[in-house]
Amino acid sequence: MIECPDDAFYSRTTTAVAKELIGMKLVRTLKIKNNTLRLAGTIVETEAYGHNNDKASHARIGPTSRNAVMFGGVGIAYIYFTYGNHYCVNVSAKSKREIAGAVLIRAIEPIEGVNVMREYRAVDSIFSLGSGPGKLTQALNITSMLNGADMKDPKSELHIEFGTTPKEIISTPRIGITRATERNWRFIDPSSRYLSKMQIKVR
DNA sequence: CGCTCGATATTCT
DNA sequence: GAATATCGAGCGA
């Protein structure tokens with residue numbers, strides 16, 4: 001039986017993949033002694049990033065040691081460290097015609113292993129556990145050690161499983177970037193209470 | 001509530 | 001040197 005989206009799922013445009021990842025589950029398994037702990041959350045917010053057609057993408061300048069995953073196979077974890085403080089998780093995706101691409105996972109709704117998440121990220125409100133790209137990596141104990149993990153493999157320490165598609169998915173401009181801000185490449189479940197709190201400035 | 005700003009590694013120019 | 005796909009503390013309203 002199929003538990004995880006496969007190669008075909010990720011072998012499409014990053015925008016299509018970003019949109020359909022909403023409602024799926026991001027799963028982190030921790031091997032502690034003889035036990036396997038499962039931390040999981042429903043993906044409620046994503047952003048698509050392209051290649052040199054996308055001035056906001058890390059891949060715009062061509063392959064480097066950091067962004068190499070974006071140029072490789074699809075369904076692979078691309079994890080990078082930013083602002084000297086935070087990790088961000090992406091999953092590589094691109095259509096056959098494209099050279100590079102990835103989808104940033106910006107927010108999750110915690111559903112499994114919440115108590116353990118709170119150990120990695122001590123916050124008052126459950127809404128602050130995974131409501132942001134730097135927050136969810138802390139709650140799930142995701143670091144650059146997991147860069148290159150196969151998100152299509154249910155045995156992988158970090159992977160994505162099928163979930164329930166929400167009633168509605170909408171697109172908005174991406175957040176926290178200065179280039180190509182006109183593209184509506186951020187996708188959210190508007191009914192979620194677990195979205196990243198940063199808002200789009202409206203003039 | 002909203003704004004400013006410091007932290008601080010890695011990449012870019 | 002400057003910028004960055006971020007967060008949270010501190011401040012003022």
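Refer to the structure printed above.
Residues numbered from 1 in each chain as written. Chains lettered and ligands numbered in written order. Predicted model: local features only at pLDDT ≥ 70, side-chain atom pairs only at ≥ 80, totals over all residues. Heavy atoms only, no water.

*Asks:* Can you break down the packing of aromatic side chains residue by residue, with the values?
*Replies:* Each aromatic ring pair is specified by the distance between its two centres and by the angle formed by the two planes. Under the counting rule described, the total for this entry stands at 4 aromatic pairs. Seen in terms of ring centroids, Phe9 and Tyr10 are 5.0 Å apart; in terms of plane orientation they differ by 90°. Their pairing is edge-to-face. Classification of Tyr10 by relative accessible area gives buried; the value is 0%. With a centroid separation of 4.6 Å and an interplanar angle of 50°, the aromatic rings of Phe81 and Tyr87 are classed as tilted. Look at Phe81 and you get partly exposed, because its relative accessible area is 42%. For Arg174, the ring lying beneath its charged end belongs to Tyr49, and the centroid distance is 4.7 Å. The ring of Trp185 has Arg183 sitting right over it, with the charged end atom 4.7 Å from the ring centre. (Phe/Tyr/Trp six-rings, centres within 6.5 Å; stacked < 30°, edge-to-face > 60°. Buried < 20%, exposed > 50% of the residue type's maximum accessible area, 1.4 Å probe, protein only. Lys NZ or Arg CZ within 6 Å of the ring centre and 35° of its normal.)

*Asks:* Can you explain the protein's contact with DNA strand B? Please cite residues and give values.
*Replies:* If you check the shell around DNA strand B, you find Ile61, Thr64, Ser65, Arg66, Phe81, Tyr83, Gly84 and Asn85 and nothing else. Restricting the count to atoms of DNA strand B within 4 Å of the protein gives a sugar and phosphate share of 50%. Here Tyr83 contributes a backbone N or O atom positioned 2.3 Å from a base oxygen of DNA strand B. Note that a base nitrogen of DNA strand B is positioned 2.6 Å from one of the side-chain N or O atoms of Asn85. (Near = heavy atom within 4 Å. Polar contact = N/O pair within 3.5 Å; in protein donor to acceptor, adjacent residues only side chain to side chain.)

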